[in-house]
Amino acid sequence: MWKYTPLGNTSLPNNVGGQGRKTSITHFSTKRNTNEHIPPARGRKPLPLGEVSAQQTERASPVIQRHRAAISSAFVRARLSLCLRFHISGLALSGAPRQLPRRGSLGKTRNTITNSNRDIRPCFCISWGIFCGMGAADMTQQSGRIWVMGGRPLNGTAAIPAAKNSVLPLLAAALLCRGQVRLRAVPRLSDVKCSLGLLRGAGCAAYWQGADIVVAGMPSNSTLPGETAAQMRASILFCAPLLARLGRAETSLPGGCNIGARPIDLHLEGLARMGAKELDAGAGKLVLAAPGGLHGADITLRFPSVGATETLLLAAVCARGTTVLRGAAREPEISDLAEFLNRCGGRIEGAGTSTLRIEGRRGLSGCDFSPLPDRIFASTLACAAAAAGGRVELTGCPPALYAPVLEILEQMGCTVERGADRAEVARFGRLYGAGRVFTGVYPGLATDAAPLLAAAMLCAEGESSIEDVIFERRFGCAEGFERLGGRVKRSGRVLSVGPLPESGLHGATLTAPDLRGGAALVVAALSAQGKSFVEETRHIDRGYAGLWEVLASLGGRIGREMPPPDAAVKKIPSKKQIYLAFGAKR
């Protein structure tokens, strides 16, 4: 029997939040674009809403002309009609709140548009609820399926992106900052898209600028969009900053992967100690209020929950007085959040230990920040190299962050070479069983890495078993392993694996049960003979940006099939879209 025991305390590198070069930021004006709807002159035929005459096009600035060409006229008419019908003041495309002009100001605004290209930016109104609902709906659209032709080893180098589990708390922390926040090199994940929708719903400007995310403005709305909040677990993190800033937070109960019970009682108990009260809001709703503001407290967690630690850290950094948090989680993502808050003016001591001391500050400034590299993404590629064979170099992520995975793969017969921020995993011979493996809190084996290691264990000649002590339904991928021909048996929290059948694994059609389980099925399919399909890839998109592209760059035969667009939606050619946006050429 083999059980992973940490070799010692591991510390984070000091350069994980390094500065990058400064980039100029486009400031979006909140003035009204009078070309949205200008009353026609006497004797002229009025134009349909969303269309612009040739004379108005000539008067408009080049910025406005380029912007009109990028927007479909049909989309403009649909969204504008909703806003005008219900007289709702919404958001501009930048996500910044704006107001309708006062009566009699159209002429003045028209001159502003004609004479200045700096102070005005084209925009149109949609209600914030519609806007966030659109973002949430995009995530639930058809996501296609990943196909894998297994039996081919992986070789090459892969750079590890920023960690989803670090980016999401950092976006929530941006609600506390009075200045602008820039997160650098953020992967385009569906959970990140959801978080941007929550920020916009709260009244902040949140948008992409290249590979970076920029967040500006203070929250003005305490109610988070319910449909968006219900789609991911991390939405609970946005409640603490809203409580600190507005004294109230209202949202739907958080969603996420179906991997077992994920109560938020530790979050609520800690917030109650700091002065928050839970109001009766009905089933599926969560309403918190702190009329007198949040204050410091001495809190002890019954379990070192990562989410509860992050929630209470966000609540305490702007609360009155000092908060001492005992039994806190020690994960690298906690240290990353604390470093970000300290860079913004907070005062947090003890990050990376089980006791945090937070002195509240009245306000935080913004900063530029590079999130921590994704140790689970690195673990995924390491397990893929073990399952498929070959040699893969992982750069940009210190091996200490996912040391348990590397040590278990070494135990199974892989060769691992470590550097300061790189690791090389190679497997050219047999894989052996790992015995019994347990997950645990950091610095133990991460629960998110358990299904990925199980996928590598499918290819071992000996027997292995892995137990997740955090979530009782972590191994929803077991059914997919069986369809591939693997010998697996699930009993409660324990998954028994192996040995590899003499005929090996074979291709099959699989369904991703959750985020990490879906990635584990892709890893297992790389070692199977024949073609496999992994459906419900929307789960994988929550935590991996272009996983199949990364594996294909390493030599894997893998791709993604997207379903054809809805036949009911007529696709308009790009030239026709430009014609619709500009009107007839003169």
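This is a predicted model, so every value here is computed, not measured.

Draft legend 1. Spotlight on empty space enclosed by the protein. In the structure shown here, the tally under the stated rule is three cavities of 30 Å³ or more. Roughly 70 Å³ of volume is contained in the second largest cavity. Lining of the second largest cavity is provided by 13 residues; of these, Arg-375, Leu-401, Tyr-402, Pro-404 and Ala-446 occupy positions nearest its centre. For the lining of the second largest cavity, the secondary structure elements donating two or more residues are helix 13 (375–388) and helix 14 (403–411). Top contributing element to the lining of the second largest cavity by residue count: helix 13, with three residues. For the lining of the second largest cavity, the per-class residue count stands at ten nonpolar, two polar and one charged.

Draft legend 2. Molecular detail of the sheet that holds strand 11 (residues 347–349). Strands sit in the order 9-10-12-11 across an open sheet of four strands; the sheet is mixed. In this open sheet, the two edge strands, each paired with only one partner strand, are strand 9 (298–300) and strand 11. The mean angle between the axes of side-by-side strands here comes to 15°, regardless of whether they run parallel or antiparallel. Direction of pairing for strand 9 relative to strand 10 (residues 322–326): parallel, over a ladder of three bridges. For Thr-300, the partnering residue across the bridge sits in strand 10 and is Arg-326.

Draft legend 3. Seen up close, the sheet that holds strand 6 (residues 248–252). Reading across the sheet, the three strands line up as 6-8-7 and stay open at both edges, with antiparallel pairing between neighbours. Each having just a single partner strand, strand 6 and strand 7 (277–279) make up the two edges of the open sheet. Across the sheet, the mean angle from the axis of one strand to that of its neighbour is 25°, orientation sign disregarded. In terms of strand pairing, strand 6 meets strand 8 (residues 285–289) through five bridges, oriented antiparallel.

Draft legend 4. Geometry of the packing of helix 13 against helix 17 (residues 515–526). At a minimum axis distance of 8 Å, the contact between helix 13 and helix 17 shows a crossing angle of 25°. The pairing of helix 13 with helix 17 is recorded here as roughly parallel in orientation. The crossing of helix 13 and helix 17 is right-handed. Here Ile-376, Thr-380, Cys-383, Ala-384, Ala-387 and Ala-388 of helix 13 lie close against helix 17, whose contacting residues are Arg-516, Ala-519, Val-523 and Leu-526.

Draft legend 5. Representation of the pattern of salt bridges in the model. Under the definition given, this model contains 26 salt bridges. The residue Glu-535 makes a salt bridge to Arg-145 at a minimum N-O spacing of 3.8 Å. Here Glu-535 is found in strand 22 (residues 531–535), whereas its partner Arg-145 is found in strand 1 (residues 145–149), with 390 residues between them in sequence. Ionic contacts of the salt-bridge type, sharing partners, join the residues Arg-182, Arg-184, Asp-212 and Asp-368 into one network.

Draft legend 6. Examining the nonpolar core more closely. The biggest cluster of nonpolar side chains holds 79 residues, and the ones touching the most others in it are Leu-409, Leu-453, Ile-466, Phe-481, Leu-495, Tyr-544 and Leu-551. Broken down by element, this core gets its largest block of residues, eleven residues, from helix 13. Setting aside chain neighbours within four positions, we find Phe-481 in contact with Pro-451, Ala-454, Ala-455, Leu-458, Gly-486, Val-488, Leu-495, Ala-520, Leu-521 and Ala-524. Core analysis: the second largest hydrophobic core is formed by 72 residues, Leu-168, Met-274, Leu-314 and Phe-340 among them.

Draft legend 7. Summary view of helix 12 (residues 332–343). Counted at 1.5 Å a residue, the expected span for helix 12 with its twelve residues is 16 Å, and the 17 Å between its end C-alpha atoms agrees. Along helix 12, nine of the twelve residues are buried, which leaves the element largely enclosed by surrounding structure. Listed in full, the buried residues belonging to helix 12 are Pro-332, Glu-333, Ile-334, Ser-335, Asp-336, Leu-337, Ala-338, Phe-340 and Leu-341. Looking at the buried residues of helix 12, the elements they touch are helix 6 (164–173), strand 3 (181–183), helix 11 (306–316), strand 11, strand 13 (368–369) and helix 13.

Draft legend 8. Geometry of the environment of Glu-536. Topologically, Glu-536 is positioned in the loop between strand 22 and helix 18 (538–541). Taking relative accessible area as the criterion, Glu-536 reaches 34% and is therefore assigned partly exposed. Spatially, the C-alpha atom of Glu-536 lies 9.9 Å from that of Leu-515, the residues being 21 residues apart in sequence. Among residues more than four places away in sequence, those in contact with Glu-536 are Ser-143, Gly-144, Thr-511 and Ala-512. At 2.8 Å, the side chain of Glu-536 forms a polar contact with the side chain of Arg-538.

Draft legend 9. Expanded view of helix 6. Most of helix 6 is tucked away: nine of the ten residues are buried. Buried residues of helix 6: Lys-164, Ser-166, Val-167, Leu-168, Pro-169, Leu-170, Leu-171, Ala-172 and Ala-173, and no others.

Draft legend 10. Geometry of the packing of aromatic side chains. Under the criterion given, the structure shown has two aromatic pairs. Judged by centre distance (5.5 Å) and plane angle (75°), the rings of Phe-340 and Phe-369 are edge-to-face. With Phe-340 in helix 12 and Phe-369 in strand 13, this pair connects stretches of sequence that are 29 residues apart. Phe-369 carries the same exposure label as Phe-340, and that label is buried. Taken together, a centroid distance of 5.5 Å and an interplanar angle of 45° make the contact between Phe-377 and Tyr-544 tilted. Highlighted residues: Phe-377 in helix 13 and Tyr-544 in the loop between helix 18 and helix 19 (547–553), separated in sequence by 167 residues. The same class applies to Phe-377 as to Tyr-544, namely buried.

Draft legend 11. Here's a closer look at the environment of Ala-446. Structurally, Ala-446 is set in the loop between strand 17 (435–438) and helix 15 (450–457). Of the residues examined, Ala-446 reaches a relative accessible area of 17% and is grouped as buried. Along the backbone, Ala-446 and Pro-404 are 42 residues apart, and their C-alpha atoms lie at a distance of 8.1 Å. In contact with Ala-446, other than residues within four places in its own chain, are Arg-375, Ile-376 and Thr-439.

Reading the values: rules and limits
Residues numbered from 1 in each chain as written. Predicted model: local features only at pLDDT ≥ 70, side-chain atom pairs only at ≥ 80, totals over all residues. Heavy atoms only, no water. 1 Å grid on protein atoms, 1.4 Å probe; cavity = no way out; pocket = protein on both sides within 12 Å on 5 of 7 lines; lining within 4 Å. Points joined across faces, edges and corners; volume = space filled by probe spheres on them. Helix = DSSP H or I, 4+ residues; strand = E, 2+ residues; numbered from the N terminus. Nonpolar A, V, L, I, M, F, W, Y, C, P; charged D, E, K, R; others polar. Pairing = 2+ DSSP bridges. Axes fitted to C-alpha atoms, helices over the stretch in contact; angles between N-to-C directions. Parallel < 35°, antiparallel > 145°, perpendicular 65-115°, else oblique. Left-handed = near helix turned anticlockwise from the far one by under 90°. Contact = heavy atoms within 4.5 Å. Salt bridge = Lys/Arg side-chain N within 4 Å of Asp/Glu carboxyl O. Core = buried A, V, L, I, M, F, W, Y, C linked by side-chain atoms within 4.5 Å. Buried < 20%, exposed > 50% of the residue type's maximum accessible area, 1.4 Å probe, protein only. Expected span 1.5 Å × (residues − 1). Polar contact = N/O pair within 3.5 Å; in protein donor to acceptor, adjacent residues only side chain to side chain. Phe/Tyr/Trp six-rings, centres within 6.5 Å; stacked < 30°, edge-to-face > 60°.

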